[in-house]
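Per-entry structural report
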Amino acid sequence: LENMCGITAYLGSESAFEYIIASLILLQNRGYDSAGICTIDDSGTFINNKYASTKDHTAIELLQPYGKEHTDHLIGIGHTRWATHGGPTDTNAHPHLDNEAKLALIHNGIIENYVQLRAELEKRGHTFKSETDTESVVHLLSDARKENNGDLAAAMRKVCQQLKGSFTLLAI
Ligand code: GLU
């Protein structure tokens with residue numbers, strides 16, 4: 001199975017959105033059906049925009065006008081998606097947020113045990129918005145971060161041990 005999505009991130013002293021758009025444009029020749037960018041503002045609010053391409057516009061074109069909502073945000077992640085689980089829709093596009101909107105995640109690959117993970121997470125009270133294999137990971141990460149005193153890197157290492165399949169993951 002060819003799986004050629006693109007993932008990118010920015011952390012620095014300039015507008016994350018502009019850098020991320022530029023890298024998504026470089027990545028688009030890998031092919032994609034949807035794209036999204038999430039940045040965090042000064043107050044810790046996550047600004048997430050994600051779209052599937054339409055007949056008239058690529059998803060990257062649909063994202064570009066939202067730059068003004070991301071001005072001066074210094075950290076962000078961006079994704080071009082090739083749908084494997086869940087159709088190419090705005091809702092299924094990445095980044096995916098946790099239920100508190102305090103975590104955003106993008107993923108390249110396939111989570112093979114997502115059906116089981118999703119059932120367990122729903123039992124624990126997490127609400128899913130998409131049909132993707134990816135969304136389970138952001139909910140797992142949200143719980144793991146709480147169990148690791150807010151340490152996102154430690155949480156990510158724990159979560160990766162629970163995943164089967166192929167995955168490159170980026171979270172903020
Ligand atoms: N399996 C994930 C999805 O369908 C990621 C696909 C990709 O690598 O773009 O959402």
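Now for a description of the structure that goes with this document. (Residues numbered from 1 in each chain as written. Predicted model: local features only at pLDDT ≥ 70, side-chain atom pairs only at ≥ 80, totals over all residues. Heavy atoms only, no water.)

Omega for the peptide link from His94 to Pro95 comes to 0°, which places this bond in the cis form. Considering the arrangement of structural elements, one finds Pro95 in the loop between strand 4 (75-81) and strand 5 (96-97). Of note, the phi angle at Ala101 is positive, near 55°, even though the residue is not glycine. Assignment of secondary structure puts Ala101 in the loop between strand 5 and strand 6 (104-111). Take Ala101: its relative accessible area is 31%, and that puts it in the partly exposed class. Not every positive phi belongs to a glycine, and Asn149 is a case in point at roughly 50°. By the element assignment, Asn149 lies in the loop between helix 4 (135-147) and helix 5 (152-162). Looking at Asn149, the relative accessible area reads 77%, which means it is exposed. (Helix = DSSP H or I, 4+ residues; strand = E, 2+ residues; numbered from the N terminus. Buried < 20%, exposed > 50% of the residue type's maximum accessible area, 1.4 Å probe, protein only.)

Turning to the nonpolar core, a few remarks are in order. Core analysis: the biggest nonpolar cluster contains 18 residues, and Leu105, Val137, Leu141, Val159 and Leu163 have the highest contact counts within it. When residues of this core are traced back to their parent elements, those giving at least two are strand 6, helix 3 (114-123), helix 4, helix 5 and strand 7 (165-171). The element that contributes the greatest number of residues to this core is helix 4, accounting for five residues. Once residues within four sequence positions are removed from consideration, Val159 is found in contact with Val137, Leu140, Leu141 and Ala144. (Core = buried A, V, L, I, M, F, W, Y, C linked by side-chain atoms within 4.5 Å. Contact = heavy atoms within 4.5 Å.)

The next point concerns the packing of helix 4 against helix 5. Viewed as axis vectors pointing N to C, helix 4 and helix 5 meet at an angle of 130°, and their least axial separation amounts to 8 Å. When the interaxial angle is binned, helix 4 and helix 5 end up oblique. Once helix 4 is placed against helix 5, the crossing between them reads as right-handed. Here helix 4 contributes Val137, Leu140, Leu141, Ala144 and Arg145 to the contact with helix 5, which in turn contributes Leu152, Ala155, Met156, Val159 and Gln162. Residues belonging to the contact of helix 4 with helix 5 are distributed by class as follows: eight nonpolar, one polar and one charged. (Axes fitted to C-alpha atoms, helices over the stretch in contact; angles between N-to-C directions. Parallel < 35°, antiparallel > 145°, perpendicular 65-115°, else oblique. Left-handed = near helix turned anticlockwise from the far one by under 90°. Nonpolar A, V, L, I, M, F, W, Y, C, P; charged D, E, K, R; others polar.)

Let us look at the side chain of Asn148. If you trace the backbone, Asn148 turns up in the loop between helix 4 and helix 5. Setting aside residues up to four positions removed in sequence, Asn148 forms contacts with Ala154, Ala155 and Lys158.

To continue, consider the environment of Ala83. As for its position among the elements, Ala83 is in the loop between strand 4 and strand 5. Ala83 sits in the partly exposed class, given a relative accessible area of 28%. Along the sequence, Ala83 and Tyr51 sit 32 residues apart, while their C-alpha atoms lie 12 Å from each other. Leaving out residues up to four positions away in the same chain, Ala83 has contacts with Asp33 and Pro88.

Okay, the packing of aromatic side chains next. The full count for this structure, using the stated rule, is two aromatic pairs. Between the aromatic rings of Tyr10 and Tyr19, the centroid separation amounts to 4.6 Å while the plane-to-plane angle is 15°, which identifies the pairing as stacked. Relative to Tyr66, the ring of Tyr51 has its centre 5.5 Å away and its plane inclined at 25°; by these criteria the two rings are stacked. With Tyr51 in strand 3 (residues 46-52) and Tyr66 in the loop between helix 2 (59-63) and strand 4, this pair connects stretches of sequence that are 15 residues apart. (Phe/Tyr/Trp six-rings, centres within 6.5 Å; stacked < 30°, edge-to-face > 60°.)

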